[in-house]
Amino acid sequence: MIFMPASAYKIMCEMLILMSISLLTSRAILSDPGTRNLFFFLLLNLSFAFVELFYGMWTNSLGLISDAFHMFFDCTALLSGLVAAVVARWQSNERFSYG
């Protein structure tokens with residue numbers, strides 16, 4: 001039997017919980033075509049924003065840098081829409097009668 005300090009055990013348990021939540025969330029996102037499209041567009045938009053930010057900083061272009069930050073704010077809107085789409089599909093239970 002392996003003996004660990006209580007803090008290490010607690011950290012491992014929290015990591016396992018977070019991994020299981022992320023797995024369940026990724027299944028919820030990728031199973032529906034609407035949320036899958038939102039997720040892939042979010043990834044595409046994020047990748048373009050990072051490329052634009054990197055190139056704007058490399059060439060010292062304030063226009064590219066400001067547009068990259070504008071795209072990051074667009075990504076927050078896409079992320080909130082994705083969260084809303086996933087939460088809207090939750091089933092109702094005793095505590096939350098509307099899901």
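Describe the overall build of the protein, with residues and values.
Within the protein, the regular secondary structure consists of three helices and zero strands. Element order for the protein, N to C, with α for helix and β for strand: α-α-α. Buried positions account for 16% of the 99 residues belonging to the protein. In the protein, 45% of the contacts between residues at least 6 apart in sequence involve partners at least 24 apart. In the form shown here, the protein has an accessible surface area of approximately 8000 Å², with 73% of it arising from carbon and sulfur atoms.

Explain the packing of aromatic side chains to me, using residue names and the numbers behind them.
Scanning the model with the defined rule gives five aromatic pairs in all. Centroid distance Phe54 to Trp58: 6.3 Å. Interplanar angle 20°. Geometry classified as stacked. Of this pair, Phe54 and Trp58 both sit in helix 2 (residues 33–59), four residues apart, which is roughly one turn of that helix. Given the relative accessible area of 58%, Phe54 is considered exposed. On the basis of relative accessibility, which here comes to 64%, the residue Trp58 falls in the exposed class.

Tell me about the environment of Ile29, and name the residues and values.
Position of Ile29 relative to the elements: it lies in helix 1 (residues 6–31). Accessibility expressed as a relative area gives 10% for Ile29, which makes it buried.

Tell me about the pattern of salt bridges, and please be specific about residues and values.
On inspection of all chains with the given rule, the structure shows one salt bridge. With a closest N to O distance of 3.8 Å, Asp32 and Arg89 form a salt bridge. On the criterion of sequence distance, the pair formed by Asp32 in the loop between helix 1 and helix 2 and Arg89 in the segment after helix 3 (62–88) is long-range, its members being 57 residues apart. The exposure class assigned to Asp32 is partly exposed, which follows from its relative accessible area of 23%. The exposure class of Arg89 is partly exposed, given its relative accessible area of 34%.

For helix 2, give the residues involved together with the corresponding values.
Given a rise of 1.5 Å per residue, 27 residues ought to cover 39 Å, and the 38 Å separating the end C-alpha atoms of helix 2 matches this to within 8%. Two residues or fewer after helix 2 comes Asn60, characterised by a positive phi angle close to 60°.

Quick rundown of the environment of Phe39? Include the residues and the values.
Mapped onto the secondary structure, Phe39 falls in helix 2. The class of Phe39 is partly exposed, set by a relative accessible area of 25%. Spatially, the C-alpha atoms of Phe39 and Leu78 are 8.1 Å apart, while their sequence positions differ by 39 residues. Other than its neighbours up to four places away in sequence, Phe39 contacts Ile29, Leu30 and Leu82.

Rules of the game
Along each chain, residues carry numbers from 1 onward, in the same order as the chain's sequence is written. The predicted origin of the model limits local features to residues at a pLDDT of at least 70 and limits the giving and counting of side-chain atom pairs to 80 or more, whereas totals for whole chains, interfaces and linings rest on all residues. Note that water and hydrogens are dropped before the side-chain values are worked out from all heavy atoms of the structure. Helix and strand definitions here come from DSSP, where helices need a minimum of 4 consecutive H or I residues and strands a minimum of 2 consecutive E residues; each element is numbered from the N-terminal end. Exposed residues in this analysis have more than 50% of their type's maximum accessible area, buried residues have under 20%, and partly exposed residues fall in between, with area computed by a 1.4 Å probe over protein chains only. Residue contacts follow a heavy-atom distance rule, with two residues in contact if any of their heavy atoms lie within 4.5 Å. What sets the accessible areas is the Shrake-Rupley method with a 1.4 Å probe; for residues, cover comes only from the shown protein chains. Think of it this way: a Phe, Tyr or Trp ring, Trp meaning its six-membered ring, pairs with another when their centres are within 6.5 Å, and the plane angle makes it stacked under 30 degrees, edge-to-face over 60, tilted otherwise. A pair is scored as a salt bridge if a Lys or Arg side-chain nitrogen falls within 4 Å of a carboxyl oxygen belonging to Asp or Glu. What a helix is expected to span follows from its residue count: subtract one and scale by 1.5 Å.

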